[in-house]
Amino acid sequence: MLIANHLIWSCAVFGLWSVGDLFAEPTPWLTGAFVGLQLYAAFQLLLPALLLRPEQRTRSFYFFWGATLALSVWVLNQLALTGIWLSLLAAIKSGLLLLVATLIGVALARYVNRLWELVPVCVVMALADFYSWSAGPTAGFSEKIKQFYLAPEGPPPAIDMVLIKLAFPGSAGLVPVFGISDWIMVVFFAIVASRHGVN
């Protein structure tokens, strides 16, 4: 069910991109509606994940599936397609990244036994994000991604492999909006909140 939902989400993103291609000069309201609809649909992908219950798994289980999913992401990024197929592939890659992030978030959430254990996680996450955006690697990555999507030349930067892309009206292709780590944390917090009865 989880995999099927992510595949349907990918097809919906591709469909929105196809519809958005009809708008030569989109308004801010239309752009907001497109992004809002896609994010709403992405949050609906959390519902099956909330039904997953912690089970005892060995490290080899996590290693096998982690390696399989990472290899799948890498293989999809090695495909060189053009035209309409490039946007379809980008939508499928984004769906796969959301699936991988969902599974990682669920796996991490099973180790939170008490709600207060989130406090150090939140502090470290906030400090790491602040440093990364101000002077760390994210500052450099974001500039490279911006340059590539404004004037595509050569292959995309390697960091593009882990960016989730959404459809924007009037854009030539799907556009990166957030990274896989952002979705991991969204799923992590949603699962922990659900398990501890926090709305």
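Conventions we followed
- Residues numbered from 1 in each chain as written.
- Predicted model: local features only at pLDDT ≥ 70, side-chain atom pairs only at ≥ 80, totals over all residues.
- Heavy atoms only, no water.
- Helix = DSSP H or I, 4+ residues; strand = E, 2+ residues; numbered from the N terminus.
- Expected span 1.5 Å × (residues − 1).
- Buried < 20%, exposed > 50% of the residue type's maximum accessible area, 1.4 Å probe, protein only.
- Arc of directions from axis to C-beta.
- Contact = heavy atoms within 4.5 Å.
- Salt bridge = Lys/Arg side-chain N within 4 Å of Asp/Glu carboxyl O.
- Patch = residues over 30% accessible without salt bridge, like charges linked within 9 Å, V, L, I, M, F, W, Y side chains within 5 Å.
- Areas by Shrake-Rupley, 256 points an atom, 1.4 Å probe, with all protein chains shown as cover.
- Axes fitted to C-alpha atoms, helices over the stretch in contact; angles between N-to-C directions.
- Parallel < 35°, antiparallel > 145°, perpendicular 65-115°, else oblique.
- Left-handed = near helix turned anticlockwise from the far one by under 90°.
- Nonpolar A, V, L, I, M, F, W, Y, C, P; charged D, E, K, R; others polar.

Asker: Please set out helix α4 (residues 59–78) residue by residue, giving values where relevant.
Answerer: The end-to-end C-alpha distance of α4, which contains 20 residues, comes to 28 Å, matching closely the 28 Å that a straight helix rising 1.5 Å per residue would cover. Looking at α4, one finds that the buried residues are Leu69, Val73 and Leu76. Each buried residue of α4 sits inside an arc of 70 degrees when the element is viewed along its axis, so together they form one side. Facing away from the buried surface of α4 by more than 90 degrees, the exposed residues are Arg59, Ser60, Phe63 and Leu71. Tucked into the core, α4 has its buried residues touching α5 (84–109).

Asker: Just give me the short version of the pattern of salt bridges, but keep the residues and values in it.
Answerer: In a structure, side chains of opposite charge can pair up when their charged atoms sit close to one another. Evaluation of the coordinates by the stated rule reveals two salt bridges. Residue arginine 114 is joined to glutamate 117 by a salt bridge in which the shortest nitrogen-to-oxygen separation is 3.3 Å. Taking the shortest distance from any N to any O, the salt bridge between lysine 165 and aspartate 160 comes out at 3.4 Å. The residues lysine 165 and aspartate 160 share a single accessibility class, namely buried.

Asker: Please provide a residue-by-residue account of a nonpolar patch on the surface, values included.
Answerer: A cluster of nonpolar side chains, namely Leu79, Leu81, Ile84, Trp85 and Leu86, defines an oily patch on the protein surface of about 500 Å² accessible area. Inspection of the secondary structure puts leucine 86 in helix α5.

Asker: An account of the packing of α4 against α5 is needed here, citing residue identities and associated values.
Answerer: In contact at an axis separation of 10 Å, α4 and α5 are set at 160 degrees when each is read in the N-to-C sense. Of the possible angle classes, the one that applies to α4 and α5 is roughly antiparallel. Taken as a pair, α4 and α5 cross one another with a handedness that is left-handed. Residue-level contacts link Tyr62, Leu69, Ser72, Val73, Leu76 and Asn77 of α4 to Leu89, Ile92, Lys93, Leu96, Leu97, Val100, Leu103 and Ala107 of α5. Counted by class, the contact of α4 with α5 contains eleven nonpolar, two polar and one charged residues.

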